[in-house]
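Residue-level structural notes
In case you want the letters, here they are:
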Amino acid sequence: MDPELLDMVPKPVCAVLLLFPVTEKYETFKAEEEAQIRSEGQKVSSTVYFMKQTISNACGTVGLIHAVGNNMKKLEFEPESALKKFIDNSSAMSPEEKAEYLENDESIRLTHESSAQEGQTEAPNIDEKVDLHFIAFVNADGHLYELDGRKPFPVNHGKTNDDTLLEDAVKVCRKFMQRDPDELRFTVVALSKA
């Protein structure tokens, strides 16, 4: 994630997805972070599209929904897009209601299952314990938000803008890596409009 390599990423970046290992160190940090935010509070824009993850092994789908849901004005969709319909229909729902809506949305479930089967590796069983997790970083109203459906709320990481989103998200991704320096299983994906 060197600056020279980041310069090669097409701009502007709409969102950043991070795949990382869920370790004991991460779970400890997550609990401490949640307690600190509950104690000190944080500002979260009402425009942030955030949902809970209640389906096992669906963090990639939830991360993608977070990325797209917070960039609807920047993206173009096919007229019958299942993803656009899902986000349009669920945008006014609570994070828990969005999760339930996803559980019952047949078109997203079928798309998720068919995409999982197209990969180069065998997809895990829905109930299989997986120790990797996807989250999304987005710019909403000039703030960098970490969106993780396993957390009770978005995490505001401070100011950002469309020009600095990638660099700002990478700073947070580096902290994930620094917490687990012996781990190599990190992947960062930038989503930008072609």
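Scoring rules and cut-offs
- Residues numbered from 1 in each chain as written.
- Predicted model: local features only at pLDDT ≥ 70, side-chain atom pairs only at ≥ 80, totals over all residues.
- Heavy atoms only, no water.
- Axes fitted to C-alpha atoms, helices over the stretch in contact; angles between N-to-C directions.
- Helix = DSSP H or I, 4+ residues; strand = E, 2+ residues; numbered from the N terminus.
- Parallel < 35°, antiparallel > 145°, perpendicular 65-115°, else oblique.
- Contact = heavy atoms within 4.5 Å.
- Nonpolar A, V, L, I, M, F, W, Y, C, P; charged D, E, K, R; others polar.
- Buried < 20%, exposed > 50% of the residue type's maximum accessible area, 1.4 Å probe, protein only.
- Arc of directions from axis to C-beta.
- Polar contact = N/O pair within 3.5 Å; in protein donor to acceptor, adjacent residues only side chain to side chain.
- Lys, Arg positive; Asp, Glu negative; His and termini not counted.
- Salt bridge = Lys/Arg side-chain N within 4 Å of Asp/Glu carboxyl O.

The next thing to look at is the packing of helix 3 (residues 59–69) against helix 4 (residues 82–90). One can describe the packing of helix 3 onto helix 4 by two numbers: an axis separation of 11 Å at closest approach and a directional angle of 75°. Put simply, helix 3 runs roughly perpendicular to helix 4. Every residue of helix 4 that contacts helix 3 at Ile65, Val68 and Gly69 is listed here: Leu83, Phe86 and Ile87. Its residues assigned to classes, the contact of helix 3 with helix 4 shows 5 nonpolar, 1 polar and no charged.

Moving on to helix 4. Within helix 4 the residues assigned to the buried category are Phe86, Ile87 and Ser90. Looking straight down helix 4, one finds its buried side chains confined to an arc of 90°; they lie on one side. With a side-chain oxygen positioned 3.4 Å from the backbone nitrogen of Leu83, the residue opening helix 4 is Ser81.

What follows covers the environment of Lys151. Along the chain, Lys151 turns up in the loop between strand 3 (143–147) and strand 4 (155–159). Here the alpha-carbon distance between Lys151 and Lys52, two residues 99 residues apart in the chain, equals 7.4 Å. Ignoring anything within four residues of it in the chain, the contact list for Lys151 reads Tyr26, Lys30, Glu33, Phe50, Lys52 and Glu146. Reaching out from Lys151, the side chain makes a polar contact with the side chain of Glu33 at a distance of 2.6 Å.

Note on placement: Asn139 falls in strand 2 (residues 132–140). Residue Asn139 is classed as buried on the basis of its relative accessible area of 12%. Only 3.4 Å separates the side chain of Asn139 from the backbone nitrogen of His143, close enough to count as a polar contact. Among the polar contacts made by the side chain of Asn139, one reaches the side chain of Asp162 at a distance of 3.0 Å. Beyond its immediate stretch of four places on either side in the chain, Asn139 contacts Asn70, Thr160, Asn161, Asp162 and Leu165.

Moving on, we get to the side chain of Lys98. Here Lys98 lies in helix 5 (residues 95–104). For the buried Lys98, which has no salt bridge, the nearest side chain bearing the opposite charge is Glu97, at an N-O separation of 8.1 Å. In contact with Lys98, not counting residues within four places along its chain, are Tyr49, Phe50, Met51, Phe86, Ser90, Ser91 and Met93.

Under the definition given, this model contains 11 salt bridges. Notably, a salt bridge pairs Lys151 with Glu33, separated by 2.6 Å at the nearest N-O pair. In this pair, Lys151 sits in the loop between strand 3 and strand 4 while Glu33 sits in helix 2 (residues 24–40), placing the two residues 118 residues apart along the sequence. In terms of burial, Lys151 and Glu33 fall into one category: buried. Between Glu34 and Arg38 there is a salt bridge, and its shortest N-O distance comes to 3.0 Å. Remark: Arg38 and Glu34 occur in helix 2; sequence separation between them is 4 residues, near one turn of the helix.

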